[in-house]
Amino acid sequence: MCGIVGAIADRDVVPVLIEGLKRLEYRGYDSAGIAVINDHDVRRVRRTGRVAEMEAAALAEGLQAQLGIGHTRWATHGGVTEANAHPHVSHGVALVHNGIIENHDQQREKLIAMGYEFESQTDTEVIAHLIHSFLVHGADLLTAVQAAVRELHGAYALAVVSRKEPGKLIAARMGCPLLIGVGEGENFIASDVSAILQATRNVIFLEEGDTAEITRDSVTVFGADNHPVQREVHLSDVSLASLELGPYSHFMQKEIHEQPRAIADTIEGVIDAGAFSAELFGADAAQVLNGIEGVLILACGTSYYAGMTARYWIEGIAGLPCSVEIASEYRYRDVVANPKTLVVTLSQSGETLDTMEALKYAKSLGQERTLSVCNVPESAIPRASKLVYYTRAGAEIGVASTKAFTTQLVALFTLTATLAKLQGRLDETGEADYIDALRRLPGSVQHALNLEPQITAWSEHFAPKEHALFLGRGVHYPIALEGALKLKEISYIHAEAYPAGELKHGPLALVTDEMPVVVIAPNDSLLEKVKSNMQEVRARGGELFVFTDADSNFHPSEGVHVIRAERHVGVLSPIIHTIPVQLLAYHVALVRGTDVDKPRNLAKSVTVE
Ligand code: M6R
């Protein structure tokens, strides 16, 4: 959702801010702005729409400065207007904010009574006035920010500058990620490392309650008690190349094609070790994983479907009861908690608020054995978990999640095999077979990617439709759900997914010759059942688009289109069958001419409720 960038240097920082905001565009936003301190004054440019429009306005105004902050806003409090766009300014103090201030109404009333006038409907503007109200009583900028944040309830990442202190950039973090980029004779702030990679790879991740005073030559971090603290400088391993399109037309296309490499990187540790072991999940993982009585998976969206897939594996292979819950539902439900449950959160971004809150809720119920599967190092959810398994998909820029999903699946399969081993349900031969299956997986995924021309041809059938149905059974039912979600997200075609056996209990009423029906039909033990379900569709005039395996002996006929992956790969089959549904959604969206990487109304990281 929203994004922050800030810079202090002895060069013009306006290009740095604009480049940073462009790198943050993928997160989703509807307005953008920058504010700089120049000649002891604040100069600000804000625009609704794309960063490019704001950039043009900044260039037209000849904006140049050595200190500045920038923001991409995804509207929550107040509509998409220039007045609501950040930075917000109060008497020479300018700030940008990610997060939500819950007590903004009370603060606003108090500040109005003090004589402050508001220009926007945002919760953020109260913070600017609040900081100013401390400055007028003689505080310096750092102290004023520290005093102001004590008055706030809610979540914030803040970058603040003041015309009175033109050599300082102040940062504050609570509940939203914020990091400092450490350069040579210049320093930066960003909500996401991609915004500053052009300038430095050395980053300090701020912790909850931290504030920081940043000058050109120094970074001083203060803990929640306002005392100076040491925070480690990390070398970011996010590459600039992962943020570039290269030869691709869209990030989604690039990320779909990166999956063989992303999967290979994610399982590198297991393949190198040639064995599944608790240590893959952290040094003390054996303590956490031994003796568990079940697994609870918490996630949203695509990550939730990865969890649903894993449930088949965890129950079938590791023999442990597993429940999978939509995080935004779990957090508000009275649940029966077992402290011996392993709570697994799945989140590509590691920032999803609902998943984070569900994790906190699970912990508050005494479920302390927590594991996060995440793609973003040092993000909030892994930091709040005892164990972490980082997927190594690389930066995922397209809003529609692709490589993050398949790498979550291999991570979850690794967890399943590890748990099975700890439960005494995986012998040496079984372990060697699974390692071998994982080793061969990137090649099989590449084979599935090679089906693209056939899938592209299908996309013409789907593009004029307004509805589509996806069917799957067993462990492939979540893949049908994922296929429907991908199609909805980027092509705006209404798509539903059902377990194929459920068809005749209702959704069959929807089937006409206007309803394309996608079927995930691998050559597994449920294939004959799926074939019967397809007959039910065909008998009602429904047109079938079937993804199957080369060895399934399933042939095209009138109204039945078939695309075959290579021969059935066994237990990892859901990963293979994800590729065609991703490609289908992508190509249908291309034909329909939608904004593939930035679909309407959606954000990459959902950091609000
Ligand atoms: O970052 P997370 O994995 O926690 O995100 C969860 C969902 O918001 C995300 O998967 C969303 O559904 C994607 N847009 C799906 O493509």
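Residues numbered from 1 in each chain as written. Predicted model: local features only at pLDDT ≥ 70, side-chain atom pairs only at ≥ 80, totals over all residues. Heavy atoms only, no water.

K.L.:
Before we go on, may I ask you to explain the layout of surface pockets in this structure?
P.N.:
Rolled over the atoms, a probe sized like a water molecule indicates the empty space that remains. The space that makes up the largest pocket amounts to roughly 850 Å³. At the level of secondary structure, the elements contributing two or more residues to the lining of the largest pocket comprise strand E11 (202–205), strand E15 (234–235) and helix H7 (259–266). Its residues placed into classes, the lining of the largest pocket shows 17 nonpolar, 13 polar and 13 charged. (1 Å grid on protein atoms, 1.4 Å probe; cavity = no way out; pocket = protein on both sides within 12 Å on 5 of 7 lines; lining within 4 Å. Points joined across faces, edges and corners; volume = space filled by probe spheres on them. Helix = DSSP H or I, 4+ residues; strand = E, 2+ residues; numbered from the N terminus. Nonpolar A, V, L, I, M, F, W, Y, C, P; charged D, E, K, R; others polar.)

K.L.:
What should I look at first to understand the site of the ligand in this one?
P.N.:
In the region of the ligand, 14 residues are neighbours, and Ser303, Ser347, Ser349, Thr352 and Glu489 sit closest. Ser347 places a side-chain nitrogen or oxygen 2.6 Å from an oxygen atom of the ligand. One of the side-chain N or O atoms of Glu489 is found 2.5 Å from a nitrogen atom in the ligand. Look at the ligand: alone it shows 410 Å² of surface, and the protein chains cover 90% of it. For the shell around the ligand, the class distribution of residues is four nonpolar, eight polar and two charged. (Near = heavy atom within 4 Å. Polar contact = N/O pair within 3.5 Å; in protein donor to acceptor, adjacent residues only side chain to side chain. Areas by Shrake-Rupley, 256 points an atom, 1.4 Å probe, with all protein chains shown as cover.)

K.L.:
Sorry if this is basic, but what is going on with the packing of helix H1 (residues 14–24) against helix H2 (residues 51–60) here?
P.N.:
The angle between the axes and the distance between the axes are what describe a pair of packed helices. At their nearest, the axes of H1 and H2 sit 10 Å apart, and the two run at 170° to each other. The angle between the axes of H1 and H2 places the two elements in the roughly antiparallel class. Of the residues in H2, those in contact with Ile18, Leu21 and Lys22 of H1 are Val51, Met54, Glu55 and Ala58. Looking at the contact of H1 with H2 residue by residue, the classes come out as five nonpolar, no polar and two charged. (Axes fitted to C-alpha atoms, helices over the stretch in contact; angles between N-to-C directions. Parallel < 35°, antiparallel > 145°, perpendicular 65-115°, else oblique. Contact = heavy atoms within 4.5 Å.)

K.L.:
Looking at this structure, I do not really get the pairing of strand E16 (residues 294–299). What am I missing?
P.N.:
For a regular strand, side chains alternate in direction, first toward one face of the sheet and then toward the other. Summarising burial for E16: six of the six residues are buried, a large majority. Burial of E16 is two-sided: the residues Gly294, Leu296 and Leu298 facing one way and the residues Val295, Ile297 and Ala299 facing the other way are all buried. Pairing of E16 with strand E18 (residues 341–347), which is carried by five bridges, proceeds in the parallel orientation. Paired with Leu298 across the strands is Thr345, a residue of E18. (Buried < 20%, exposed > 50% of the residue type's maximum accessible area, 1.4 Å probe, protein only. Pairing = 2+ DSSP bridges.)

K.L.:
Can you walk me through the nonpolar core in this structure?
P.N.:
When a protein is soluble and globular, its nonpolar side chains tend to lie buried together. Counting residues in each nonpolar core, the largest one holds 91 residues, and the members touching the most others are Val295, Trp313, Val344 and Phe470. Composition of this core by domain shows at least three residues from each of domain 2 (251–449) and domain 3 (452–592). If sequence neighbours within four positions are ignored, Val344 has contacts with Val295, Leu296, Ile297, Leu298, Leu371, Val373, Leu412 and Leu415. (Core = buried A, V, L, I, M, F, W, Y, C linked by side-chain atoms within 4.5 Å. Domains from an automatic or database assignment.)

K.L.:
Can you walk me through the pattern of salt bridges in this structure?
P.N.:
For side chains bearing opposite charge, pairing can occur when the charged atoms are close. Scanning the entire structure with this criterion turns up 36 salt bridges. Among the salt bridges present, the one from Lys254 reaches Glu258, with a minimum N-O distance of 3.4 Å. In this pair, the class of Lys254 matches that of Glu258, namely buried. For Asp436, the salt bridge goes to Arg439, with nearest N and O atoms at 3.6 Å. Of the two residues, Asp436 and Arg439 are both situated in helix H15 (residues 428–449); the distance of three residues between them amounts to about one turn of the helix. Arg439 sits in the partly exposed class, given a relative accessible area of 45%. One salt-bridge network, held together by shared partners, links Glu207, Asp210, Arg231 and Arg383. (Salt bridge = Lys/Arg side-chain N within 4 Å of Asp/Glu carboxyl O.)

K.L.:
Explain the sheet that holds strand E7 (residues 156–162) to me, please; I cannot follow it from the model alone.
P.N.:
Within a beta sheet, neighbouring strands are joined by backbone hydrogen bonds and run either parallel or antiparallel to one another. Read across the sheet, seven strands follow the order E5-E6-E7-E8-E12-E13-E14 without closing on themselves; strand pairing throughout is antiparallel. Lying at the two open borders of the sheet, with one neighbouring strand each, are strand E5 (88–90) and strand E14 (228–229). Here E5 runs beside strand E6 (residues 93–98); their pairing, made up of three bridges, is antiparallel. Residue pairing across strands places Ser90 opposite Val93, the latter belonging to E6. In this fold helix H4 (residues 125–135) packs onto E5, E6 and E7, with an angle of close to 25° to the strand it touches most, E5.

K.L.:
Which parts of the structure should I look at to understand empty space enclosed by the protein?
P.N.:
The tally for this structure, following the rule as stated, stands at two cavities of 30 Å³ or more. Space inside the largest cavity adds up to approximately 110 Å³. Along the wall of the largest cavity there are 16 residues; nearest its centre are Cys2, Trp74, Thr76, His97 and Gly99. Looking at the lining of the largest cavity residue by residue, the classes come out as five nonpolar, nine polar and two charged. By volume, the second largest cavity is sized at about 50 Å³. As for the second largest cavity, its lining consists of Cys2, Arg27, Asn98, Cys176, Pro177, Ser191, Glu351 and Thr607. When grouped by side-chain class, the residues that make up the lining of the second largest cavity number three nonpolar, three polar and two charged.

K.L.:
Hey, could you run me through the packing of aromatic side chains in this one?
P.N.:
Given two aromatic rings, their pairing is described by the distance between the two centres and the angle made by the two planes. Tallied over the full model, the rule gives eight aromatic pairs. Three or more aromatic residues link up through ring pairs in this structure, and these residues are Trp458, Phe462, Phe545 and Phe547. Across from the ring centre of Tyr492, 3.8 Å away, lies the NZ or CZ of Arg600, which sits over that ring. (Phe/Tyr/Trp six-rings, centres within 6.5 Å; stacked < 30°, edge-to-face > 60°. Lys NZ or Arg CZ within 6 Å of the ring centre and 35° of its normal.)

K.L.:
So what exactly am I meant to see when it comes to the domain arrangement of the protein here?
P.N.:
As a measure of interface size, the accessible area lost when the parts come together is often cited. Split by domain assignment, the protein resolves into domain 1 (3–243), domain 2 (251–449) and domain 3 (452–592). Between the C-alpha centres of domain 2 and domain 3 there is a distance of 26 Å. Contacts between the two partners involve 33 residues from domain 2 and, on the opposite side, 26 residues from domain 3. Summing both partners gives a buried area of about 2,600 Å² for domain 2 against domain 3, and 73% of it is carried by carbon and sulfur. Every element with two or more residues in the side of domain 2 that touches domain 3 is listed here: helix H6 (251–257), H7, helix H10 (301–318), helix H14 (403–422) and H15. Per element, the largest residue contribution to the side of domain 2 that touches domain 3 is 10 residues, and it comes from H15. Residues that form the side of domain 2 that touches domain 3 fall into these classes: 21 nonpolar, 11 polar and one charged. (Buried area = accessible area lost by both parts, 1.4 Å probe.)

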